[in-house]
Amino acid sequence: MSLQVSNVEELTEVKTLVSEQDRTQYLSSLLAQRSPLPHTGWLQNVRDRAQNLLRDQALPSTRDEDWRFTDLSALYRTTFKPAQPAATISATELKAWTTSDLPIRVVVINGVFSPKHSTLDALPSGITVKPLAATDETIQPYLSQQQGMNEVFTALNTASFTDGVVIRVGKNQVFETPIHLLFLTIPGAEPTMSAPRTLVIAEAGSSASLIEEYGAIASHQESAEGTYWTNAVTEVFVAENAQLRHTRTQRESVTAFHIGKTAVTQARDSRYALTTLSMGAQISRHNPEIVLTGIQTETHLNGLNLAVETQISDTHSLIHFAQPHCIAKQLHKCVVNDRARAVFNGRVEVPKAAQQTNAAQLSRNLLLSPKARVDTKPQLEIVANDVKCAHGATVSQLDDEEVFYLQSRGLDRKDACDILVKGFAAEITEKVPSVELRSRLLTSILSLIRNERT
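Residues numbered from 1 in each chain as written. Predicted model: local features only at pLDDT ≥ 70, side-chain atom pairs only at ≥ 80, totals over all residues. Heavy atoms only, no water.

**Side note on the overall build of the protein chain**
This is how it is decided: Starting at the N terminus, helices and strands are each numbered in turn, a helix being any DSSP run of H or I of at least four residues and a strand any DSSP run of E of at least two. Values of the radius of gyration come from C-alpha atoms, whereas the globule rule sets the reference at 2.2 Å times the count of residues to the power 0.38. Exposure is judged per residue with a 1.4 Å probe applied to protein chains only, and the accessible area is read against the type maximum: over 50% gives exposed, under 20% gives buried, and values in between give partly exposed. The contact criterion used is simple: two residues touch if any of their non-hydrogen atoms lie within 4.5 Å. Using a 1.4 Å probe, the Shrake-Rupley method yields the accessible areas, and only the shown protein chains count as cover for residues.
In terms of helices and strands, the protein chain carries eight helices and 22 strands. On C-alpha atoms alone, the protein chain measures out to a radius of gyration of 21 Å, which is about the 22 Å that the 2.2 N^0.38 rule sets for 454 residues. Projected onto its principal axes, the C-alpha positions of the protein chain cover 65 × 55 × 50 Å. Here the protein chain holds 454 residues, and the buried ones make up 57% of them. Taking all contacts inside the protein chain whose residues are at least 6 apart in sequence as the whole, residues at least 24 apart take part in 85%. For the protein chain, the exposed area adds up to about 18600 Å²; of that, 49% sits on carbon and sulfur atoms.

This is the structure we're talking about:
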């Protein structure tokens, strides 16, 4: 099922096709200038294996099925250098990204863990947070072991990372206070690329909450000089009877590129909930990929993409059922204004072994401009014969009758539209476990659709 809503005459696209040879050479140049690890050892072997995997490969183009709606030509026309470790950021710059109800904070700047800006004193002894560069080989069975690690941008992250974060929630540890994981970029005078890497291990019987955010420090971010590329990968392992609530927000600067992968493995009787909000970057792409390897697992995916002006905001998700008696529910929403474009492709795979599967997927999309466009494709691939699965998609504009009703109660049209958009988005934002962050997100959403960048 694929729905496309647009004014064809107004949205005539002229794409600059980059040849496969050029895309291969571009990838090779990125690998050739990767920064060295601070300490060699087994992590270097992980990076080298990924680099070897990428030899003679090409980055994708719109001729690749999974990328046909997202043109990366602007990315390929930009020459990036590796982001360098940042010495410090001011308290005022950091405050713009923190909230008082998230006291546990892990800060990564330009891809490097920053203990100076992190606050970890309130962590219980059963939960550890360490920089990736300082970890030992006990995490080797987990790092780069997820399905989908061979995908080109994921492998590029593995070949390029210099640091990251490892979060381990010990067996039977229950900790309700969210851990705030903050990835910040300091844009420079030349375009830079960082490769943030996160590994989350929730051991058997544990329960935890994680908020993962991406953004930039304000200096230069609204100018051409502030161009940067975040190529992020997060791996999550949820063990037997464990529970993880995961929120991911992407609020990069308007000059940025953002490509991210969230790869999740769920063991028997585990519970995993992912809420994603994407509203930044000139071109963004997120790939949530969840593999249910144990029976009686439960998965909830909720996402909101906001695209304005000429942004492209793309989400390609995968839920793979490997065992029977599992549940997965997905709701994805897009709000698109101006000449922007949103893309959603949600694939659910139910092989023969996954009997008694219960899966539901819904894509709802709101267009605020006649020039806005959304391409949505909920996708069920079912081989099992004893399942309960459903999917659907809607694309619409604001309801004139609803707008008129609010105006008849004394609101002007702008305020009436704001209330309706806020209500549409709130079904996703209300799942964010921080009250202050929820308020900031809704404020940002309304500011962006009014073309009032903050």
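**A few points about helix α8 (residues 435–449)**
The periodicity of an α-helix, 3.6 residues per turn, causes residues three or four places apart in sequence to face the same way. The following threshold applies: Each helix should span, by expectation, one fewer than its residue count multiplied by 1.5 Å.
Under the 1.5 Å per step criterion, the end-to-end length of α8 is 22 Å for 15 residues, consistent within 8% with the ideal 21 Å. For α8, the set of buried residues is L437, L441, L442, S444, I445, L446, S447, L448 and I449. Packing partners of the buried residues in α8 comprise β10 (207–216), β12 (243–250), β14 (271–278), β16 (298–307), β18 (327–336) and α7 (413–429). Downstream of α8 by one or two residues, N451 has phi in the positive range, about 60°.

**A few points about the sheet that holds strand β7 (residues 179–185)**
Just so we agree on the cut-off: In this analysis, strands are considered paired if DSSP registers two or more bridges between them. Helix axes are fitted only over the stretch in contact, all axes being lines through C-alpha atoms; the angle between N-to-C directions runs from 0 to 180 degrees.
The strand order β4-β3-β7-β10-β12-β14-β16-β18-β20-β22 describes an open sheet built from 10 strands, whose pairing is mixed. Both edges of this open sheet fall to β4 (112–113) and β22 (387–396), since each of them pairs with a single strand only. Sheet topology note: the β18/strand β20 (residues 357–367) ladder contains 10 bridges and is parallel. Bridge pairing in β20 places C334 opposite N365. Sitting on the sheet, α7 is in contact with β14, β16, β18 and β20, with an inclination near 150° to β18. Running over the sheet, α8 touches β10, β12, β14, β16 and β18 and is turned about 35° from β16.

**Some points on the pairing of β18**
For β18, the tally of buried residues reaches eight of 10 residues, placing the bulk of the element in the interior. Here 10 bridges tie β16 to β18, and the two strands are oriented parallel to one another. Residue pairing in the sheet places H300 in a bridge with K329 of β18.

**Observations concerning a negative patch on the surface**
Short version of the rule: Like charges within 9 Å and nonpolar side chains (Val, Leu, Ile, Met, Phe, Trp, Tyr) within 5 Å are joined into patches, using only residues over 30% in relative accessible area that form no salt bridge. We count a salt bridge whenever a side-chain nitrogen from Lys or Arg sits within 4 Å of a carboxyl oxygen from Asp or Glu. Lys and Arg are tallied as positive, Asp and Glu as negative. Neither His nor the chain termini are counted. Charge placement uses NZ in Lys and CZ in Arg. For Asp and Glu, CG and CD serve respectively.
A cluster of acidic residues, D399, D400, E401 and E402, forms a negative patch on the protein surface. Looking at the element boundaries, D400 is found in helix α6 (residues 400–408).

**Overview of the side chain of T276**
Looking at where T276 falls in the secondary structure, it is placed in strand β14. Note on T276: relative accessible area 10%, which makes it buried.

**With respect to the environment of G260**
Inspection of the secondary structure assignment puts G260 in strand β13 (residues 257–266). Sequence separation between G260 and T234 is 26 residues, and the spatial gap between their C-alpha atoms is 8.0 Å. Residue contacts for G260: discarding those within four places in its chain leaves A232, R248, R285, H286 and N287.

**Quick notes on the pattern of salt bridges**
Scanning the entire structure with this criterion turns up 20 salt bridges. Its salt-bridge partner being E213, residue R251 comes within 2.7 Å of it at the nearest N-O pair. Taken together, the residues R251 in the loop between β12 and β13 and E213 in strand β10 connect sequence positions 38 residues apart. Residues R251 and E213 agree in their burial class; the two are buried.

**Remarks on the pairing of β12**
Regular strands place their side chains on alternate faces of the sheet. For β12, a buried count of six out of eight residues is recorded, marking the element as mostly surrounded by other parts of the structure. Note: β10 against β12, eight bridges, orientation parallel. Residue pairing across strands places L210 opposite H246, the latter belonging to β12. Judged from the eight bridges that link them, β12 and β14 form a sheet pairing that is parallel. Bridge assignment links R248 to a residue of β14, and that residue is T276.

**Some points on the side chain of Q44**
Residue position: Q44 is located in helix α2 (residues 42–53). Setting aside its immediate chain neighbours within four residues, Q44 contacts R34 and L37.

**Quick notes on the nonpolar core**
Keep this limit in mind: Remark: nonpolar core denotes a set of buried residues (Ala, Val, Leu, Ile, Met, Phe, Trp, Tyr, Cys) joined through side-chain atoms within 4.5 Å.
Ranked by size, the top nonpolar core spans 39 residues in total, and within it V165, I167, I179, Y272 and F321 carry the most contacts. Beyond its immediate stretch of four places on either side in the chain, I167 contacts T128, V129, I179, L181, L199, V200, I201 and L210.

**Observations concerning the packing of aromatic side chains**
Which entries qualify depends on this criterion: In this scheme Phe, Tyr and Trp rings, the latter by its six-membered ring, pair at centre separations within 6.5 Å, and the angle between planes marks the pair as stacked below 30 degrees, edge-to-face above 60, and tilted otherwise. Consider the ring centre and the ring normal. A charge sits over the ring if Lys NZ or Arg CZ is within 6 Å of that centre and within 35 degrees of that normal.
Tallied over the full model, the rule gives seven aromatic pairs. Considering the side-chain rings of F183 and Y214, the 4.9 Å spacing of their centres and the 5° angle between planes classify their relative orientation as stacked. With a gap of 31 residues between them, F183 in strand β7 and Y214 in strand β10 connect regions that are remote in the sequence. The pair F183 / Y214 is uniform in exposure class, with both members buried. Taken together, the ring pairs connect W67, F80, F153, W229 and F257 into an aromatic cluster. A cation over an aromatic ring shows up here: R285 above the ring of W67, its NZ or CZ 3.8 Å from the ring centre. In this structure, K333 is placed above the aromatic ring of F424, and the distance from its NZ or CZ to the ring centre is 4.3 Å.

**Observations concerning the packing of α2 against helix α5 (residues 152–160)**
Between two packed helices, both the angle of their axes relative to each other and the distance between the axes serve to describe the pair. To be explicit about the condition: Put simply, angles under 35 degrees are roughly parallel, angles over 145 are roughly antiparallel, angles from 65 to 115 are roughly perpendicular, and the rest are oblique. If you view the pair so one helix is near and one far, a crossing is left-handed when the near helix is turned anticlockwise from the far one by less than a right angle, and right-handed when it is turned clockwise. Side-chain classes are defined by residue name, with Ala, Val, Leu, Ile, Met, Phe, Trp, Tyr, Cys and Pro counting as nonpolar, Asp, Glu, Lys and Arg as charged, and the others, Gly among them, as polar.
At a closest axis distance of 7 Å, the pairing of α2 and α5 adopts a crossing angle of 140°. Overall, the two elements α2 and α5 adopt an arrangement that is oblique. Seen from above, α2 lies across α5 with left-handed handedness. Mapping the contact onto sequence places V46, R47, A50, Q51 and L53 in α2 and A155, T158, A159 and S160 in α5. Residues belonging to the contact of α2 with α5 are distributed by class as follows: five nonpolar, three polar and one charged.

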